[in-house]
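Single-letter residue listing:
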Amino acid sequence: MNNESQFQINDNDSMQNMHPKEFVKLGDFNRLTIVKEVDFGLYLDGGEEGEILLPQRYVPQNCSIGDQIDVFIYLDQDERLVATTEIPLAKVGDFAFLKCSWVNEYGAFLDWGLMKDLFCPFREQKRHMEIGQSYIVYVYMDEESYRIVASAKVEHFFSDRVAEYNQGDEVDLLVWQKTDLGFKVIIDNQYPGLAYEDQIFKRIFTGDRMKGYIQNVREDGKIDVTLQQMGRKQTENFSESLLEYLKNNNGFCDLGDKSDAEDIKRRFQVSKKTYKKAIGDLYRKRLIVIEEGGIRLA
């Protein structure tokens, strides 16, 4: 039991404070009790599922029979429950950007960070996946086969609940695909949204994960997002960034309020409007002086 792990181990003294054991969640993280040690690993108490093997290569340091350990449960090559302390790129219920490792006559297999690849059948592909290419997919449990599978038809898996966001709320975004209007995104692993092209001031790509902000929830339920904070908060944050830039660049920036918007966008990933507001903010605080060729620390 000498392998390192990022997972938490709970000793015997803490076990008495644990809640009653729940059913094992396939394709998710579980906290299970070590019940047996063998040459090739540990067996964990899987409740009604019986004992589940944690192979030796994944056994963390300093754990003993009776300890509880956090593991991810999935199916091995023989479709048996197996545990791992590896952390996958996605679990059941997640949207993710995964690379195709290989293809056979039944479908594609995606690298999701575990020893056994994740299967995506042809019926769940929008177009035939190719080895080496990456795709936005949804990970779910196929009830008929009791297998963890992926689907590239992600629009079938968005939440049908009404999104209860307010303007300016911070959210987690997964960039989904490019459109004529901008980029489709997946919000908080639940809802589709759109970031408009004219409000994106940095290069983004499918599969990128980032923070975003709710701009508008329309009456039809569609959600618009922006990658920058809005209003006064955005100006304040960028003012601090611009001041730091000046301190790190000999107190001078050759971009002023009359500079080209594209030059400002390339340098600072903000709009010219935001840049001018930040200049005004720093000038009023007497932190900068405005010169013919740009701005300088006061």
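Residues numbered from 1 in each chain as written. Predicted model: local features only at pLDDT ≥ 70, side-chain atom pairs only at ≥ 80, totals over all residues. Heavy atoms only, no water.

Visitor: Any chance you could explain the overall build of the protein chain here in plain terms?
Guide: Of regular secondary structure, the protein chain possesses 4 helices and 19 strands. The C-alpha atoms of the protein chain give a radius of gyration of 25 Å, which is well past the 19 Å a tight globule of 298 residues would have. Overall size of the protein chain, expressed as C-alpha extent along the three principal axes, is 75 × 45 × 35 Å. Across the 298 residues in the protein chain, those meeting the buried criterion constitute 44%. Within the protein chain, residue pairs in contact and separated by at least 24 positions form 56% of the contacts whose partners lie at least 6 positions apart. Of the roughly 17100 Å² of accessible surface on the protein chain, a fraction of 45% belongs to carbon and sulfur atoms. Of note, the protein chain has its 38 positive side-chain charges centred 9 Å away from the centre of its 51 negative side-chain charges. (Helix = DSSP H or I, 4+ residues; strand = E, 2+ residues; numbered from the N terminus. Rg over C-alpha atoms; globule rule 2.2 N^0.38 Å. Buried < 20%, exposed > 50% of the residue type's maximum accessible area, 1.4 Å probe, protein only. Contact = heavy atoms within 4.5 Å. Areas by Shrake-Rupley, 256 points an atom, 1.4 Å probe, with all protein chains shown as cover. Lys, Arg positive; Asp, Glu negative; His and termini not counted. Charge placed at Lys NZ, Arg CZ, Asp CG, Glu CD.)

Visitor: Explain the pairing of strand S2 (residues 28-38) to me, please; I cannot follow it from the model alone.
Guide: Remember that side chains alternate between the two faces of the sheet whenever the strand is regular. Pairing between S2 and strand S5 (residues 68-75): 6 bridges, direction antiparallel. For Phe29, the partnering residue across the bridge sits in S5 and is Phe72. Of the strand pairs in this sheet, S2 and strand S3 (residues 41-45) are connected by 4 bridges, and their pairing is antiparallel. If you follow Lys36 over to S3, its bridge partner there is Tyr43. (Pairing = 2+ DSSP bridges.)

Visitor: How do you make sense of helix H3 (residues 261-268) when you look at a structure like this?
Guide: For the α-helix, the turn length of 3.6 residues means that residues three or four positions removed from each other point alike. If you check the start of H3, you find a side-chain oxygen 2.8 Å away from the backbone N of Glu262, and it comes from Asp260. Of the residues trailing H3, Gln269 is marked for its positive phi of about 55 degrees. (Polar contact = N/O pair within 3.5 Å; in protein donor to acceptor, adjacent residues only side chain to side chain.)

Visitor: What am I meant to see in the environment of Ile34 here?
Guide: By secondary structure assignment, the location of Ile34 is in strand S2. Between the alpha carbons of Ile34 and Val149 there is a distance of 28 Å; along the sequence they are 115 residues apart. Not counting the four nearest positions on each side in its chain, Ile34 is found in contact with Leu42, Tyr43, Leu44, Cys63, Ser64, Ile65, Gly66, Asp67 and Ile69.

Visitor: What exactly am I supposed to notice about the environment of Asn30 here?
Guide: Take Asn30: it is sitting in strand S2. The class for Asn30 is buried, based on a relative accessible area of 7%. Residues Asn30 and Arg161, 131 residues apart in the sequence, show an inter-C-alpha distance of 27 Å. In this structure Asn30 touches Phe23, Val24, Lys25, Ile69, Asp70, Val71 and Ile73, once residues within four positions along its chain are discounted. Separated by 2.7 Å, the side chain of Asn30 and the backbone nitrogen of Lys25 make a polar contact. Among the polar contacts listed, one links the side chain of Asn30 to the backbone oxygen of Asp28, at a separation of 3.0 Å.

Visitor: Can you walk me through the environment of Asn248 in this structure?
Guide: One can find Asn248 in helix H2 (residues 231-248). On the accessibility criterion, Asn248 (56% relative accessible area) is exposed.

Visitor: What exactly am I supposed to notice about the side chain of Asp67 here?
Guide: Checked against the element boundaries, Asp67 lands in the loop between strand S4 (51-55) and S5. It is Arg31 that comes nearest to the buried, bridge-free Asp67 among opposite-charge side chains, at 11 Å. (Salt bridge = Lys/Arg side-chain N within 4 Å of Asp/Glu carboxyl O.)

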